Every structure is written in structure tokens, then in C-alpha cells.
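Per-entry structural report
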Amino acid sequence: MRTTVDTYRRPSDARRHFGQFWWVYLLLILFGTLMMAPLFWLLSSSLKTEGAIFRLPPEWIPNPIRWSNYSEVFDRIPFARGWWNSTVVTTLATLGQVISAAFVAFGFARLRFPGRDALFLVLIATVMIPYHVTLIPTYVLFRELDWLDSFLPLIVPAWFGGGALYIFLLRQFFMRLSFELDDAARVDGASIWQIFIGIVLPQSKPALGVVAIFSFLAHWNDFFGPFIYLNSTDKYTLPLMLRLFQSLESTEWHLLMAASVMTAIPCIVLYFVAQRYFIQGVVFTGLKG
Amino acid sequence: MATASKTLVQGLTTTKPPFLNHRRREAIGGYLFILPWIIGVVVFLLGPIAASFYFSLTNYQVVKAPEWAGLANYRRLLNDDLFWQALKVTTIYVAISVPLGLVLSFLVALLMNQRVKGIGFWRTIFYLPNLIPLVAGTMLWLWMFNPQFGLINGFLARIGIDGPLWLQSQQWALPSLIIMNLWGVGGATLIYLAGLQGIPTDLYDAVAVDGGGAWAKLWTITIPQMTPVIFYNLVLGLIAGFQVFAQPLILTGGGPRYSTLFVVLYLYQNAFANFRMGYASAIAWALFLIILVLTLIIFKFSNAWVYYEGDTRKR
Amino acid sequence: MTTVGNSRRMSRRAVALGAAAVPFAASAAIGLASASAQDKQDVRIASYTVNDTWNATVEEMIAAFNAQSTLANASIEFRPGDQYWDKLQTEYAGGQAPDITLVNSEWIGAGASRGMFVDLKPLYERDQVDQSDLWFDMTTDWGWEGGQYGALLYVAGQALYVNKDLLDAAGEPMPAVDWTWDDLLESAKRLTNEAEGQYGIYIGPLPPPHWSCAFVQGAGGAVLNDARDECTLNTAEARAGLQWIVDLMLAHKVMPTVGATEGQENPFLANKIAYFFGGTWEESAIRTTEINWDFAHMPAHPTTGITSVQLGSNAWSMLSTTGDEDATWEVLKYLGGPDGAQALVSLGVPGFNSVVESAEYQELHRPQDILVPVSDFREFGHDYYTTPDAAEWLTAVVNELGPMWTGEDTVENSTQRAVDRVNEIFSMRTF
């Protein structure tokens, strides 16, 4: 995508650009600082000794800097194992949610069938019940299926429309697309499937990207699901391992912060890469790929 | 289609008009496409949801079998002052934070959609609070809101204001949670950004040709085109807002003096700490009803203000 | 086939069968022998995680048990403490609970009264296990309707840590054994320097069931009545005790306010507190600092003369869904007996006199004298107010007393509201 910022030739171009957009930069820096504060504090705490984290008045730059917190985390919990477990669960679950959400949303958005709107309301209604009251019956269900202490309860529901809100989101996006191309394709004899794959999906990359990012984050940081269904420590995902630094009476904050940084880094990297691919920040016509 | 035209050309009539055949095929296709979800609901959701409704009609102490109690839980609900307090807290929270979040995230999305250098970097910065594990983030907030040494009161002191007790004060605990929630605007912003992508540039060009400036473009093109996405964020904000649970659990435990007792927190306490799973289920279903009614109202009114580009043919 | 061939074939067959039978017989014999050795029942133990050393020590102890047991093969699962109780209940409801779990004073009443745990008293009596060596009374917190539902792990309670450096700098002597609240207050005033953020006293955690209870009791009151069916925080004595603490923060200003300490590090560790009323579990954190500290005895109330120390404990309980009760009981006997207590001696205050008085235990806490707080426990220890609805009424009390600590509301109003709410909860009891 060609943007105006790529084609500076003369200094006066740059001056004109900043002259027009100075306020944007100002706002970005202002809000950006506010947004960065949590991460900076997290990084800072992860390099402090335990007592120093809560020192009053608070210090932003640790003194001394303890890199050893990170190696200690590796000694204390099987981090590599946790990374692997989290990766497996998250990747498979995200894939399932994106794919099944795309299918189901397409059905609700572009196809007409009796009871469609009623079923759509049922879809939304299913997320209105807090999970605490369905937890025990769900647990019993998974016990009957003999899926306890495995990744299956965390992955399989995702492949069967398990992300109702993602379906809702994609349905909204699919409904924004005009039907011109669809109708043209239909006259040419295209099937519904071909319209789905060839027309609707390619125009929905930003929306699919957003669903993928959200789903990835939700599964990567999910504590309660793995907590309830996993028993063996060698199957623990990262959020579970993080909680092992918190006992009922005290918490080893410096290690917890270091482990949190290590847990957050894959997300940050992935997000940075993904959003550049899916969300380009330049408006383009709806008909171009 | 090809079959239909063939028969017409040959002058033969078919007993079934091709028009019905197409409709039927589309309907079958529709059911097929949503089949994964149907299976998921039947297998994973139907049983547990029905069970939770059954529990609401029992005294269920979790570690003992449920005992039938009829409508006793629901009757108790009507007289329970803690439940109404929780409902009040949750409603105030939703009424303030949802519109605030909606507007703020929209503005931020517009900001991020500008053609500035390194916009990818900025977009990552704004999403950072959502990328940090919850347990680390909440510690930061406890620290920032500390009345004596926290950053927020420190900043207020520098401009001459004596900051309140924040999370320890009955008046300020809920506002603290609302402020905290604003840090998570990155999620809604992302959705808006994705939505801004799909607006055809020729629409903006048309406005420019007619002499319209930035405001005209915003009001006549951007916002109407974005209504499906705004609608989504509104419904999502409502549903999520009513089910807020983790932050009050970690930060305040519902206090001080129940000023941050959210409905789902109260439900959770009843379910697992107080051995009143039946009552908790009744609370869940009452909450469900409230959210459902509000959502239906929003859906009903959506026809008036939500515009779908793909809405050009009879639905 | 000829008959001759037949008989030869048959005899060959017989030999073949016989030959084949030998390895079968042999393996059957071996099988029988190994079966009795390997017929150990698997016993699952679940525990919330405490810290690294804790986990390693417990695992060592379990390995030692397995080595000497012929009946049971124990294994342990360490889980995050955060929602431990939720998961345990879910597993129990789903029929997947472990055989043994670690339990604390808040949960035991709930589980015992609802049949989640097995009454161990018949088992103690059947095997004639001698519990006379225990100084900690297992029938108050761990009893229900005359039974006993836990095998003690250790006791934890309220200790008084004194910062000797700060006392020396101000010329204060160490507290006398029979000192009173008045002495404490006077001394604290001399040790407080608000400008430098130094305070005489810090009590943490405050709300019931923690250390404010000791002051309520010292003033002659109690949180609940003896029958544990009524909240008595609104008596004059209870209010006096609570008022005394509130005054420390808001009137005399010898204790940091709740606002200052919330979410912050324990100020004693930052060398800012002279007298710290804290849990025995804080000791290991204090040892990591450079502070020159010691234990001191609890002060007595100046008029009632009562000294009170609040206690809590952890014990192992047997889940009623356990597969093999005998095997599980064998593990439990070990865990809760002197062997288990000796192995875990570094982790808390043992309940057995012989272990407490052992040199090994006291050496762990040198140069301080651990018997100072432990003797207070034995003489003045108060139980946890265990009830089957502990979680519910404790949450109510914490909530209703909240505004009192910050001065947003008076002690009178807060305690009255707490009493009303707790009595309302008690009125809904079904047991």
C-alpha cells in the first residue's frame, strides 16, 4: 500500500506533513505515555529485588538491576514446557475460533433461512449467563467424555462456534459488504461456497485479523479454564504457572513480574506483526483486494 | 441457474419454479454454515444451561445433592438488599463506562487512522495494557491508586488537589474501577480501526468534491458507515459491563462496604464461598433476563440508526 | 492317525502342555509375589502452593512415607492457592476429588458440616493413636458435633516482632513480660516520627479473623458468642478494643493508616516500624532483611488483665469420596503425626509438644527465641471462630468494618451494621 509518508523527497514535504499533523503527534505522545506506564512499571518491577518493588517513594529505575530474576524464574518453573503448552492450546483454539466463527457468521450475515434472526438472538443470549453457574455441569460433562486433565476441553469447543461474540463481530462486518459482487458471481453460476471463499473472506481481512488477535490473547492469558480442567503440572499453561508464585499468604512479586513479562512478550510481538498485516491505517476502496 | 435458463429456452416448463429451488438451496446452505455452532450449543451449552436453571429452583450446597426449593431463591432475590446494591453498582458502572468507552475508543481509532509515521508502533503502544497479564496489571493499579504514595494522588497534589482515598473510600472505589477500565480501550479501538478500513475512499472523494471538510466527512460518511461496528461495541460493552468480575474480586473484594459489589462478584461469592449455588443460579438468571431485555431494546431500536451497506435487498 | 501315533502324539502333547505350563506357573507365582508388594493403593494429595521450600520439603516427606509404607503410594499435586477451594468443590461435585487435601481454618467448618470430609475420630480411636502430645486443641477449630475432621499440619498465629535497632536508637528498653497496652502506647509514641515515615506500631492484617480479634478479646469482648450463633461485636468491650486500634491510627497517629499500607510492602520490612503484630509466617521474609529484631510477649489489657493471641491452623483432611479409606488413613496418620510434623518443622509452628520443645525446632529460629510467641499461643491462644458459614459472615464483617478503619464512619455504626448483617446470615442457617 502506497502512502504519502513513503514518498518524502524534499525537506519541505516533511515540514508540510508535520505542520498538518503536529496535533496528532502531540495527542499520540500524551496518550501513549499513559498507556506505556503499565508496561514500563512491569518491566521495572521485574528487575527489582523483592523489597524494592513497594519502596516508598516509588522508583522507576531499579537500583540495583537484577537480571537474575529472569533466570530464577526459569529455575523455578518449567517455563519452556509452559510456553509449549500455551502455544499448543492457544494456536489450536484460535484457529478453531476464527474458522468456525467465519463460517457461522457468514450464515447469519449473507444467507437467508427461516428462524435466522431468532437463532441469532439465541447466539447472543448464550453469553449472557456467567460461567460460574454452568461450571459444575460442564465439568461433569467433560468428565463423562473423559476429557479431564487434557487440553480437549480448552480446544474442542472453540471449533464448534465457541466464540459467540466473535461470530457476532464477523456478522457485523460481513453485513457491511455490498451484495454487488455476490450477485454478479451468482449470475456467473458461483455457489455459496465460492462466494464465501472468493468474495466475502478476502474483503474481511481486517475483521478476521481482529478476531484472531482477540482470540489468541484470550486463550493465551486464560487462567480459569486450564486451572479447572488440568491437574498434571506438566500440562500447565503459562497463566497457571504464574499463579504458582502467589501463595495464600504471600507473593513473590519480583519473580511474578519477570514471569509476566516473559508471558506478555510473545503477545506483543505477535500483535505488532499481525496488526501491520491486517490493519494498514490507510483507507482504501472496498472493492480492491 | 443454468438449468433454469435451459428449460426456459427449450420452452418446457418445470413443475418446480427455479425461484423456489434457489431459496431452498440458500436456506440449506444457511443451516449448513451455522451447523458448527448448532452442534456446539447442543453438545456443550444446552445441558449446563438447563442444569443451571434447574439449580436456581433448588438449594444446592455444591458438595451435597440439590434439594428442591421451588421459587424460594427468586423470592429471596426480591428482598435481598445486597442483590439490589449489586445491581445498583453494576448499573451505574455500565451507564457511565460504556458510553465513555464507546466515545473514547472511537476517537482514538480516528486518531490512529491518520497517515502518520510509525503508526504501527503507536497502535502497539495503545494496545499494550490489554497485552499484560491481569494479575500484573491489577498490582499496578493498586499501587497507582494508593492514597498516600500512589502516582495519581502524587500528580493531584502537584496541582494542589488533596486526593481521595480511592479504593478505600466508599465514594471513590467505583470511580476508580471506571477509570481503570478506560485503560482497556485498545480492544474496542482495534475493532473500530478494522471497520474504518472498509470504508470506500470514493465516498470521501465525493464529499470533498462537494466542498465538504473533515467534519462533513466524519458526520456524513464515517459515522454512518461505522454504525454496524458501533452497534457491536455497544452490545458487547453492555454484556461485558454487566458481567464485570475479575477486577473487583482482586482489588476490592466488593468493598468498602459493598460499594464495588458487582452482580457477578456477589454471584460468585454465593456460589463458591457461601455454598449457595442455587441462589447464585437464580441471580444468574435474573441477570440474564435484565441483559436480555436491554439487548432486545437496543436491537429493536437499531433499525433506526444502524446502516448496513449489504442491506440493499429484502432480508 | 494310528492309535500308536495317537498315544505318542498325546504324550508329546502332554509334554508340550506341561512345558508350556511351567512358565505360566512361574509367572503366576512371580505375579502373586509382586502383587502383594505392588498392591499399594494410589492416594492423591492436593495442596495449595506456599513457596518453593515448602513444596520441596513436603515432597521429601512424602517420598519418605512411600519408602516405608506397604499399603499406600502417595503423590501430591501443588495447585495455585487463588481459587483452590472453588476447584476442589467442583471436583468433588464432579466425583473427581483427590483423597486428601490441605485445609485451613476458614474452610473446615464448611466442609465438615456438609459431609465433604471424613470424621477421623473413630479412626484415631480404632488405631489408638496417641494425641496427648498435642498442645493445640483440635476439637475447637477442627471439630464438628464431637468429631475431628483434620490431622494437624501446623499452627500459625499472631506474633509480636520488635525492631531492636529502632528501640535502641530511641533509648527504649525491650518490653517486659507483663507489659500492658498502655505501656505499648506510651512506648510507641516515643518511637513515632511521622516526618520520616516511622511509626511505633503496625498491625497487619487487621480485620477479623485476624489480629484485631486479639484486641477485642483483650478488652473483654468476643467476635461471636460461645454458641457461635450470634455476633457480639457491638458490646461495649468489643467496641472498646476496636476503638483502641482506630485511635492508634487516627488519634495518636502511632500506626500508619490503612490508606498508606494498602497494596504496599509491609513497612516493618522497610525498617519503619518498631512493634509489628503479624503472622508467624512473616518470619522468613523478615529474616531476609538486615533488621536486628526479636520476638516479644503480647501485652495485657491494663484493666481486664486479659492477654489474647489469635490463632489459625492448617490440617490435612480426608475427602469422603476417597477410594480406599484404609490406605488414605495410613497416609493421613503419617502426615498428621509426629513424623510428619518433624519433617515439616521448618514450615510453621508444630502442634506437638515434643517437636516444639526439640532443639532442632528451636535452632531454626535462632538467635531469636521462638518459644516466646509459642508460649503465648499455649497460654493465651484463641480459636478461629470456625463455623460452617465462616466465609460468608467473615466477608460481611470485613465489609461492614471497612469504613471504621479509615475514619469514614464511627466504630459504633460499623459494629452495629456488622452485627446486624452477621445475625441475618446466621438466621438463614439450615444446620
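Numbers given to residues run from 1 along each chain, matching the order in which its sequence is written. Think of it this way: whatever chain is written first is A, whatever ligand is written first is 1, and the rest follow in order. Thresholds applied to this predicted model are a pLDDT of at least 70 for local features of residues and 80 or more for the giving and counting of side-chain atom pairs; totals over whole chains, interfaces and linings are not thresholded and use all residues. As a rule here, side-chain values come from all non-hydrogen atoms in the structure, and water together with hydrogens is ignored.

For helix H8 (residues 181-190) of chain C, every residue scored as buried is listed here: Trp181(C), Leu184(C), Leu185(C), Ser187(C) and Ala188(C). Packed against the buried residues of H8(C) are strand S7 (199-203), helix H9 (212-218), helix H10 (236-250) and strand S8 (273-279) of chain C. Buried means the residue's accessible area, taken with a 1.4 Å probe over protein chains only, is under 20% of the maximum for its type, while exposed means over 50%, and partly exposed covers the values in between. Counting from the N terminus, the helices are DSSP H or I runs at least four residues long and the strands are E runs at least two residues long. Residues count as neighbours in contact if any of their non-hydrogen atoms are within 4.5 Å of one another.

Turning our eyes to something else, we now look at the domain arrangement of chain A. All names here are of chain A. Residue ranges for the domains originate in an automatic or database domain assignment. Structurally, chain A comprises domain 1 (11-70) and domain 2 (77-285). Inter-centroid distance (C-alpha atoms) of domain 1 to domain 2 is 30 Å. Taken together, the contact between domain 1 and domain 2 spans 14 residues of the former and 11 residues of the latter. Computed with a 1.4 Å rolling probe, the buried area is the accessible surface lost when two parts are put together, summed over both parts. Carbon and sulfur atoms make up 80% of the surface buried where domain 1 meets domain 2, a total of about 990 Å² over both sides. When the area that domain 1 buries against domain 2 is broken down by residue, the three leading residues are Leu42, Glu50 and Tyr70, summing to 47%. Within this document, salt bridges are pairs made up of a side-chain nitrogen of Lys or Arg and a carboxyl oxygen of Asp or Glu, the two lying within 4 Å of each other. Taken together, domain 1 and domain 2 are joined by zero salt bridges.

Residues and elements named next belong to chain C. Interaxial distance between H10 and helix H18 (residues 390-406) falls to 8 Å at its minimum, and their mutual angle equals 40°. The orientation of H10 relative to H18 falls into the category oblique. On H18, the residues touching Leu242, Ile245, Val246, Met249 and Leu250 of H10 are Met404, Trp405 and Thr406. Residues are grouped as follows: nonpolar covers Ala, Val, Leu, Ile, Met, Phe, Trp, Tyr, Cys and Pro; charged covers Asp, Glu, Lys and Arg; every other residue, Gly included, is treated as polar. Classifying every residue of the contact of H10 with H18 by side-chain character gives seven nonpolar, one polar and no charged. Axes here mean lines fitted to C-alpha atoms, for a helix over just the part in contact, with angles spanning 0 to 180 degrees between N-to-C directions. Note that the term roughly parallel is reserved for angles under 35 degrees, roughly antiparallel for angles over 145, roughly perpendicular for angles of 65 to 115, and oblique for everything else.

A word on empty space enclosed by the protein. Residues and elements named next belong to chain C. Only protein atoms enter the 1 Å grid used here, on which a cavity is any set of points holding a 1.4 Å probe that cannot leave and a pocket is any open set flanked by protein within 12 Å on both sides along at least five of seven lines; residues with an atom within 4 Å of a point are listed as lining. Grid points are joined across faces, edges and corners, and a volume is the space filled by probe spheres set on the points. Summed over the entire model, instances satisfying the criterion amount to six cavities of 30 Å³ or more. Taken as a whole, the second largest cavity encloses approximately 70 Å³ of empty space. For the second largest cavity, the full set of lining residues is Gln158, Trp181, Ala214, Phe215, Gly218, Phe277, Met298, Pro299, Thr307 and Ser308. Tallying contributions element by element places H9 first for the lining of the second largest cavity, with three residues.

Between chain A and chain C, the residue contacts involve 24 residues of the former and 26 residues of the latter. Taken together, the two surfaces of chain A and chain C that pack against each other cover about 2400 Å², and 59% of this comes from carbon and sulfur. Linking chain A with chain C are zero salt bridges, by the criterion used here. Ranked by residue count, the leading element in the side of chain A that touches chain C is helix H5 (residues 135-144) of chain A, at five residues. Within the side of chain A that touches chain C, the residues separate by chemical class into 16 nonpolar, four polar and four charged.

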